[in-house]
Amino acid sequence: MKSYRKELWFNAPERMHFTNITHEIRECLAESGISEGFVLVNAMHITASVFINDDESGLHSDYKKWLEKLAPHEPVSGYRHNDTGEDNADAHMKRQVMGREVVVAVTDGNLDFGPWEQIFYGEFDGRRKKRVLVKIIGD
């Protein structure tokens, strides 16, 4: 069995932003030389997420509105976590809802997706560099 590891770095332009990283994950898979196995993709920061869904702008807009209703950024004084001097308690909660990681099967050297599935990096406390781990195992 082979193993491959790579860190991808992102700097989201907005506080909340979704980036389609499917192309980068496919490049990692090609670099790995693995044709049968699994890809793990996980956010290495507690205010960011990795998730799978459709790459459709209406859906992404809906996600942003929904997440902001669930855990609004303002007022920052409404969160005990922010008593520490932070202003990102909402980002921690949004990450919890959207998830930390995804695992995708690899079959015949390809990501084994269903229709419309894409991998996204979700940022909830953006405008600084953060990383995503890609770990691929298999043969």
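Predicted model, so just to flag it, every value in this text is computed and none were measured. (Residues numbered from 1 in each chain as written. Predicted model: local features only at pLDDT ≥ 70, side-chain atom pairs only at ≥ 80, totals over all residues. Heavy atoms only, no water.)

Colleague: I would appreciate a short explanation of the nonpolar core in the present structure.
Modeller: One broad rule of soluble globular proteins: the nonpolar side chains tend to lie buried together. In terms of nonpolar packing, the biggest core is built from 23 residues, with Ile25, Val39 and Ile119 touching the most fellow members. Ignoring anything within four residues of it in the chain, the contact list for isoleucine 25 reads Leu8, Val39, Val41, Leu111, Ile119 and Val134. If you look at the next biggest cluster of nonpolar residues, it comprises nine residues, including Leu67, Ala91, Phe120 and Phe124. (Core = buried A, V, L, I, M, F, W, Y, C linked by side-chain atoms within 4.5 Å. Buried < 20%, exposed > 50% of the residue type's maximum accessible area, 1.4 Å probe, protein only. Contact = heavy atoms within 4.5 Å.)

Colleague: Explain the packing of aromatic side chains to me, please; I cannot follow it from the model alone.
Modeller: Each aromatic ring pair is summarised here by two numbers: the centre-to-centre distance and the angle between the ring planes. Tallied over the entire structure, the rule returns seven aromatic pairs. When the centroid spacing of 6.0 Å and the interplanar angle of 70 degrees are considered together, the rings of phenylalanine 18 and tyrosine 63 count as edge-to-face. Within this pair, whereas phenylalanine 18 is found in strand β2 (residues 17–20), its partner tyrosine 63 is found in helix α2 (residues 57–70), the two being separated by 45 residues in sequence. There is no split in this pair, since phenylalanine 18 and tyrosine 63 are both buried. Consider the rings of phenylalanine 18 and phenylalanine 124, whose centres lie 6.3 Å apart with planes at 75 degrees: the pair is edge-to-face. Pair noted here: phenylalanine 18 is in strand β2 and phenylalanine 124 is in the loop between β7 (118–123) and β8 (129–138), with a separation of 106 residues, a long-range link. This pair shows no difference in class: phenylalanine 18 is buried, exactly as phenylalanine 124 is. The rings of Phe18, Phe51, Tyr63, Trp66, Phe120 and Phe124 are connected pair by pair, giving a single aromatic cluster. Taking the ring centre of tryptophan 9 as reference, the NZ or CZ of lysine 129 above it sits at 5.1 Å. (Phe/Tyr/Trp six-rings, centres within 6.5 Å; stacked < 30°, edge-to-face > 60°. Helix = DSSP H or I, 4+ residues; strand = E, 2+ residues; numbered from the N terminus. Lys NZ or Arg CZ within 6 Å of the ring centre and 35° of its normal.)

Colleague: Hey, could you run me through a nonpolar patch on the surface in this one?
Modeller: Judged by side-chain polarity, Met1, Phe38, Val103 and Ile137 come together as a nonpolar surface patch covering roughly 450 Å² of accessible area. When you line up the elements, methionine 1 lands in the segment before β1 (2–11). By relative accessible area, methionine 1 is classed as exposed at 78%. (Patch = residues over 30% accessible without salt bridge, like charges linked within 9 Å, V, L, I, M, F, W, Y side chains within 5 Å. Areas by Shrake-Rupley, 256 points an atom, 1.4 Å probe, with all protein chains shown as cover. Salt bridge = Lys/Arg side-chain N within 4 Å of Asp/Glu carboxyl O.)

Colleague: Help me understand the sheet that holds strand β4 (residues 48–53), please; the structure alone is not making it clear to me.
Modeller: Note on sheets: strands pair through backbone hydrogen bonds, and any given pair is parallel or antiparallel. One open sheet holds the three strands; their spatial order is β2-β7-β4, and the pairing between them is antiparallel. Because the sheet does not close on itself, it has two edges, and the strands there are β2 and β4. Within this sheet the neighbouring strands show an average axis-to-axis angle of 30 degrees, counted without direction. Sheet analysis places β2 next to β7, joined by four bridges and oriented antiparallel. (Pairing = 2+ DSSP bridges. Axes fitted to C-alpha atoms, helices over the stretch in contact; angles between N-to-C directions.)

Colleague: How should the side chain of lysine 94 be read in this particular structure?
Modeller: Tracing the backbone through its elements, the reader meets lysine 94 in helix α3 (residues 89–98). Given the relative accessible area of 2%, lysine 94 is considered buried. Polar side-chain contacts of lysine 94 include one of 2.7 Å to the side chain of glutamate 68. A distance of 2.7 Å separates a polar atom in the side chain of lysine 94 from a polar atom in the side chain of aspartate 90. Filtering out sequence-adjacent residues up to four positions away, lysine 94 remains in contact with Met16, Leu67, Glu68, Ala71, His73 and Phe124. (Polar contact = N/O pair within 3.5 Å; in protein donor to acceptor, adjacent residues only side chain to side chain.)

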